[in-house]
Amino acid sequence: MILYLTVTAGTILLACMIDNHPVTQPYQVTRQQMCNRICLLAVFLVLFALSACRQNVGNDYAKYVEFMHLVNSDAYVPTEPGFNLLVKVIYGISGFENYLLVFAIYAFVTIFLFLLAIYEQSDEFPITYFLFMALGYYFQTFSTVRYYLALALALYSMKFVVRRQWGRFVLLVILGSFFHKSLIVILPLYFLASLTWKKWQLALAGLFCTTFLLWQDFYLKVVVFLYPTYEDTEYLEGGTSYINILRCLAVLVLSLFYYQKVIRGNRRLQFYFYLNLGALALYVFCSFLPIISRIGYYLTVSHILFLPALLRETKEQKWRRFLQVGMILAAVLYFGIFMSRAYDNGLRILPYETFFFHDMVDILSDVN
């Protein structure tokens, strides 16, 4: 726990020295630009080292090692072709089952994409990075590594949606789906969020959402058709997160104060607004669907960009300071709740172990 708190606090302090909208000068690297490069590199190296050096940290770490072993043995695994090909290449080059290198590559790409997306798209890098850490996104990359690579791609792809560069957006999503097929879901969701919705259209969308409550069996059959490996497993139990519902509600209430003057007509902020509204609808009406939180995260990850943007638009200093303090306190509380569950089986990012001092536990194939 002390290690995680130190990394979190230390990298946030480094992030506070980064200005992702520096004043540039032709043919000259300014002091702020140099500071940005050094601090960004330091943040990246700290996060990457912590992730790449871990062993058996994350609730599905051993399961992934088992999957890699099966891929190398040409056995069937429910993972995507991109993951399988990467394992084949790394194991082939290494000459042994080098799962540590596979995890390191995933950590490198995932952290790089998150930081790149934050630097390019955030209104205020320090606040967005603080939310990235406090809301647990970084530490959750220790688990479900395929999904969090897809989530990083989703965050990065938002700039293409805002710019209406649909070709690049679709291409990036298709590429990412070879590593986690759930990424495909953002094609319709992000497109819908990019539209300017009228009140009567929102009313019709609300009526449509009620069908999820009325025809749950039908939608579950659709999910099983798309994900046959979910059939007769605990994944079909569903479940929602009340914390995420409260979070979406809080963001919605805050954004409604800004809607007429700031959000309406602003393509980027309006996109974030509808992403949050869509996430709230998913958590409320679709709680019976398996792993609804994964779909919701593709939408709520925009909070780390949306909230700093709203703060930047707040002209009155007292109100801005009040909102900033409230947001920080809420995020710290969220981080405290998140870390209190760090030992739980659903997360299991504690205790932290590294391959320097610990051996890997036996996987299922070793036991059998």
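The coordinates are above.
Residues numbered from 1 in each chain as written. Predicted model: local features only at pLDDT ≥ 70, side-chain atom pairs only at ≥ 80, totals over all residues. Heavy atoms only, no water.

## A closer look at the packing of aromatic side chains
Evaluation of the coordinates by the stated rule reveals 36 aromatic pairs. Relative to Phe67, the ring of Tyr64 lies with its centre 6.3 Å away and its plane at 85°, an arrangement referred to as edge-to-face. With a gap of three residues between them, Tyr64 and Phe67 both fall in helix H3 (residues 61–72), about one helical turn apart. For Tyr64, a relative accessible area of 3% corresponds to the buried category. Taken together through their ring pairs, the aromatic side chains of Tyr61, Tyr64, Phe67, Phe83, Tyr99, Phe103 and Tyr106 make up a single cluster. The ring of Tyr147 has Arg294 sitting right over it, with the charged end atom 5.6 Å from the ring centre. (Phe/Tyr/Trp six-rings, centres within 6.5 Å; stacked < 30°, edge-to-face > 60°. Helix = DSSP H or I, 4+ residues; strand = E, 2+ residues; numbered from the N terminus. Buried < 20%, exposed > 50% of the residue type's maximum accessible area, 1.4 Å probe, protein only. Lys NZ or Arg CZ within 6 Å of the ring centre and 35° of its normal.)

## As for the pattern of salt bridges
Per the stated rule, a full pass over the model turns up six salt bridges. Ionic pairing is found between Arg312 and Asp123, a salt bridge with its closest N-O pair at 3.9 Å. Placement of the pair is Arg312 in helix H16 (residues 303–313) and Asp123 in the loop between helix H5 (99–121) and helix H6 (125–134), with a sequence separation of 189 residues. Residue Asp123 is classed as buried on the basis of its relative accessible area of 10%. When salt bridges that share partners are traced, they join Asp123, Arg268 and Arg312 into one network. (Salt bridge = Lys/Arg side-chain N within 4 Å of Asp/Glu carboxyl O.)

## A short note on the nonpolar core
Within the largest apolar cluster, 118 residues are counted, with the highest numbers of intra-cluster contacts made by Tyr129, Phe132, Phe139, Tyr190 and Ile349. When residues in this core are grouped by element, the largest group, 15 residues, is from helix H8 (residues 145–162). Not counting the four nearest positions on each side in its chain, Phe139 is found in contact with Tyr4, Thr8, Leu50, Met133, Phe335, Phe338, Met339 and Ile349. (Core = buried A, V, L, I, M, F, W, Y, C linked by side-chain atoms within 4.5 Å. Contact = heavy atoms within 4.5 Å.)

## What to know about unusual backbone geometry
At the junction of Leu350 and Pro351, the peptide bond is cis and its omega measures out at 0° in the coordinates. As for its placement among the helices and strands, Pro351 is situated in the loop between helix H17 (317–340) and helix H18 (364–367). The backbone phi angle of Thr144 is positive, close to 40°, even though this residue is not glycine. Residue placement: Thr144 occurs in the loop between helix H7 (137–140) and H8. For Thr144, a relative accessible area of 13% corresponds to the buried category. The phi angle at Arg348 is positive, at roughly 50°, despite the residue not being glycine. As for its placement among the helices and strands, Arg348 is situated in the loop between H17 and H18.

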